[in-house]
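What the coordinates show
In case you want the letters, here they are:
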Amino acid sequence: MKKLIIFTTTLFLGVFVGWYTKFYQFYSYVDYDQELVQQLKIFSDYSSEDISSENFSCENESERNVGKVFAGMVGNSMAHKSNTLSAGCEELICTISYNYCKPWQTSECGSRILYYEKTKNDKIISGSFKCIDVP
């Protein structure tokens, strides 16, 4: 009986140490794109800005507010595991996009893109926001 308890305890500790090592190893390699984090921090300061009607071609949105559009994109992405939300900047043009295609769909799906421009000092140009739905 004593040998069985020792064996069970040793086995349990071995499994726990192995699991913890893999868990720690996996999360130690998670690296966030610092440019993206910085852009999203700057972007949050402009969440109350309205998007002009000529720059707004997103369907099913009751308000043309940057924060509302972005919150809708994040909410939809969180509600559907197969959907993707991505952001990035190329030169002085930045986009945040939400892809609502299912993995098995090859056509008839689309994405919503929130587009804005920034200055060389990483400040967002007020009035440069555009919301575009791509079929």
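It should be noted that the structure appears before, not after, this text.
Keep in mind the model is a prediction, meaning the values are calculated, not measured. (Residues numbered from 1 in each chain as written. Predicted model: local features only at pLDDT ≥ 70, side-chain atom pairs only at ≥ 80, totals over all residues. Heavy atoms only, no water.)

Details of the overall build of the protein chain
- Scanning the protein chain from N- to C-terminus turns up 3 helices and 5 strands.
- Listing each helix as α and each strand as β along the protein chain from the N terminus yields α-α-β-α-β-β-β-β.
- Within the protein chain, contacts between residues separated by at least 24 positions form 40% of all contacts whose residues are at least 6 apart in sequence.
- Accessible surface for the protein chain amounts to roughly 10,000 Å². Of this, 58% is attributable to carbon and sulfur atoms. (Helix = DSSP H or I, 4+ residues; strand = E, 2+ residues; numbered from the N terminus. Contact = heavy atoms within 4.5 Å. Areas by Shrake-Rupley, 256 points an atom, 1.4 Å probe, with all protein chains shown as cover.)

Some details on the pairing of strand β5 (residues 130-134)
- Burial along β5 is one-sided: the residues C131 and D133 are buried and none of K130, I132 and V134 is.
- In this structure, strand β1 (residues 56-57) lies alongside β5, joined through 2 bridges in parallel fashion. By the bridge assignment for β5, S57 is matched with I132.
- As paired elements, strand β4 (residues 111-117) and β5 share 5 bridges and run antiparallel to each other. Within β5, the position partnered with Y115 by the bridge is K130. (Buried < 20%, exposed > 50% of the residue type's maximum accessible area, 1.4 Å probe, protein only. Pairing = 2+ DSSP bridges.)

A short note on the state of the cysteines
- Under the definition given, this model contains 2 disulfides.
- A sulfur-sulfur distance of 1.7 Å marks the disulfide that ties C58 to C131. The sign of the S-S torsion, about -100°, decides the handedness of the disulfide formed by C58 and C131: left-handed. Of this pair, C58 sits in the loop between β1 and α3 (66-79) while C131 is found in strand β5, placing the two residues 73 residues apart along the sequence. Across the pair, exposure class does not vary: C58 and C131 are buried alike.
- One disulfide in the model links C89 with C94; its S-S distance is 2.0 Å. (Disulfide = S-S within 2.5 Å.)

Observations regarding the nonpolar core
- Formed by 16 residues in total, the largest nonpolar core has its most connected members in F43, I51, V69, L114, Y116, F129 and C131.
- Counting residues per element, the ones that place at least two in this core are α2 (34-44), α3, β3 (93-99) and β4.
- With residues near it in sequence (within four places) discarded, F43 still touches V66, F70, I96, L114, Y116, I124 and F129. (Core = buried A, V, L, I, M, F, W, Y, C linked by side-chain atoms within 4.5 Å.)

A short note on the sheet that holds β1
- The strand order β1-β5-β4-β3-β2 describes an open sheet built from 5 strands, whose pairing is mixed. Looking at the sheet topology across the chains shown, the edges are occupied by β1 and β2 (84-90).
- Across 7 bridges, the pairing between β2 and β3 is antiparallel. Considered in β3, the bridge of S86 is made with S97.

Scope: geometric values only; no functional claims are made or implied.
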